[in-house]
Amino acid sequence: MPPKYFSTRGHLLVCQGPNCQARGSVLLQKALWNHLERSSLAYYKRGGSVRLTESGCLGACSFGPTLCVYRHRNGALEEGWYAAVDFPLAVQIAGALHEEAALPGEGKYGPE
Ligand code: FES
């Protein structure tokens, strides 16, 4: 029997490289998990749709904590890259994934 597949609306990756950890990414990851759990946004909750994974270095070490997000939207793969992410911004990004809304512009860098 194959593993259970959970359909999701987006995947968040929070950098846990040493530079981002020095800027608070461990606490950010924990706080974001708690939020996804309590708000039932986590992919394994009823009605939930968001995945969250720890990432290795995302290549923007002087601008952490960094976070990237991937999702399918309007028939294409969309990516979002964020620098200096704090908890309120992480919550906004997760909410945009769940609601299939536009990603927040604050802290965003990289491809449009
Ligand atoms: S350690 Fe996070 S971007 Fe490099």
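Placed above this text is the structure.
Everything numeric in this text was worked out from a predicted model, so none of it was measured. (Residues numbered from 1 in each chain as written. Predicted model: local features only at pLDDT ≥ 70, side-chain atom pairs only at ≥ 80, totals over all residues. Heavy atoms only, no water.)

> Looking at this model, I keep getting lost on the sheet that holds strand β4 (residues 76–82). Mind explaining?
Sheet strands line up and pair through hydrogen bonds in the backbone, either parallel or antiparallel. In space, the five strands of this open sheet follow the order β2-β1-β3-β4-β5, with mixed pairing throughout. What marks the edges here is a single partner per strand, and that holds for β2 (50–55) and β5 (108–109). In terms of strand pairing, β4 meets β5 through two bridges, oriented antiparallel. For tyrosine 82, the partnering residue across the bridge sits in β5 and is lysine 108. Where helix α2 (residues 25–38) meets the sheet, it contacts β1 (10–15) and β2, and its direction lies at approximately 165° from that of β2. Relative to the sheet, helix α3 (residues 87–99) contacts β1, β2, β3 (67–73) and β4, its axis offset from that of β3 by approximately 10°. (Pairing = 2+ DSSP bridges. Helix = DSSP H or I, 4+ residues; strand = E, 2+ residues; numbered from the N terminus. Contact = heavy atoms within 4.5 Å. Axes fitted to C-alpha atoms, helices over the stretch in contact; angles between N-to-C directions.)

> Is there a simple way to explain the nonpolar core in this structure?
Nonpolar side chains tend toward joint burial in soluble globular proteins. In this structure, Leu12, Leu67, Tyr82 and Ile93 are the most contacted members of the largest nonpolar core, which totals 20 residues. Counting only elements with at least two residues in this core, the list comes to β1, α2, β2, β3 and α3. Among the elements that take part in this core, α3 stands out by supplying six residues, more than any other. For leucine 12, the residues in contact, after removing those within four places along its chain, are Leu32, Val50, Arg51, Leu52, Thr53, Leu67, Cys68, Val69, Ile93, Ala94 and Leu97. Residues Leu13, Cys20, Leu58 and Trp81 belong to the second largest nonpolar core, which totals six residues. (Core = buried A, V, L, I, M, F, W, Y, C linked by side-chain atoms within 4.5 Å. Buried < 20%, exposed > 50% of the residue type's maximum accessible area, 1.4 Å probe, protein only.)

> Whenever I open this one, the environment of leucine 36 confuses me. Can you help?
Take leucine 36: it is sitting in helix α2. Among the residues examined, leucine 36 registers a relative accessible area of 0% and is labelled buried. When the C-alpha positions of leucine 36 and serine 49 are compared, they lie 9.5 Å apart, and in sequence the two are 13 residues distant. Those residues in contact with leucine 36 that lie beyond four places of it in its chain are Leu41, Ala42, Val50, Leu52 and Ala94.

> Could you clarify how one ought to interpret α2 in this entry?
Two residues of an α-helix separated by three or four positions point the same way, owing to the 3.6 residues in each turn. Here α2 is 14 residues long and its end C-alpha atoms lie 20 Å apart, about the 20 Å a rise of 1.5 Å per residue gives. Turning to α2, its buried residues are Ser25, Leu28, Gln29, Leu32, His35 and Leu36. Buried residues of α2, viewed axially, fall in a sector of 130°; they line one side. Opposite the buried face of α2, at more than 90 degrees from it, the exposed residues are Leu27, Lys30 and Arg38. A positive backbone phi angle near 55° is found at serine 40, which sits one or two residues after α2. (Expected span 1.5 Å × (residues − 1). Arc of directions from axis to C-beta.)

> Would you explain the packing of aromatic side chains in this entry?
Within a pair of aromatic rings, the relevant descriptors are the distance that separates the centres and the angle that separates the planes. According to the stated counting rule, one finds five aromatic pairs in the structure shown. In this structure an aromatic cluster arises from ring pairing among Phe6, Trp33, Tyr43 and Tyr44. A cation over a ring is seen here: lysine 4 above phenylalanine 6, with NZ or CZ 5.2 Å from the ring centre. Positioned over the ring face of tyrosine 43 is arginine 51, at 4.3 Å from the centre of the ring. (Phe/Tyr/Trp six-rings, centres within 6.5 Å; stacked < 30°, edge-to-face > 60°. Lys NZ or Arg CZ within 6 Å of the ring centre and 35° of its normal.)

By themselves, these are just geometric observations and shouldn't be taken as functional.
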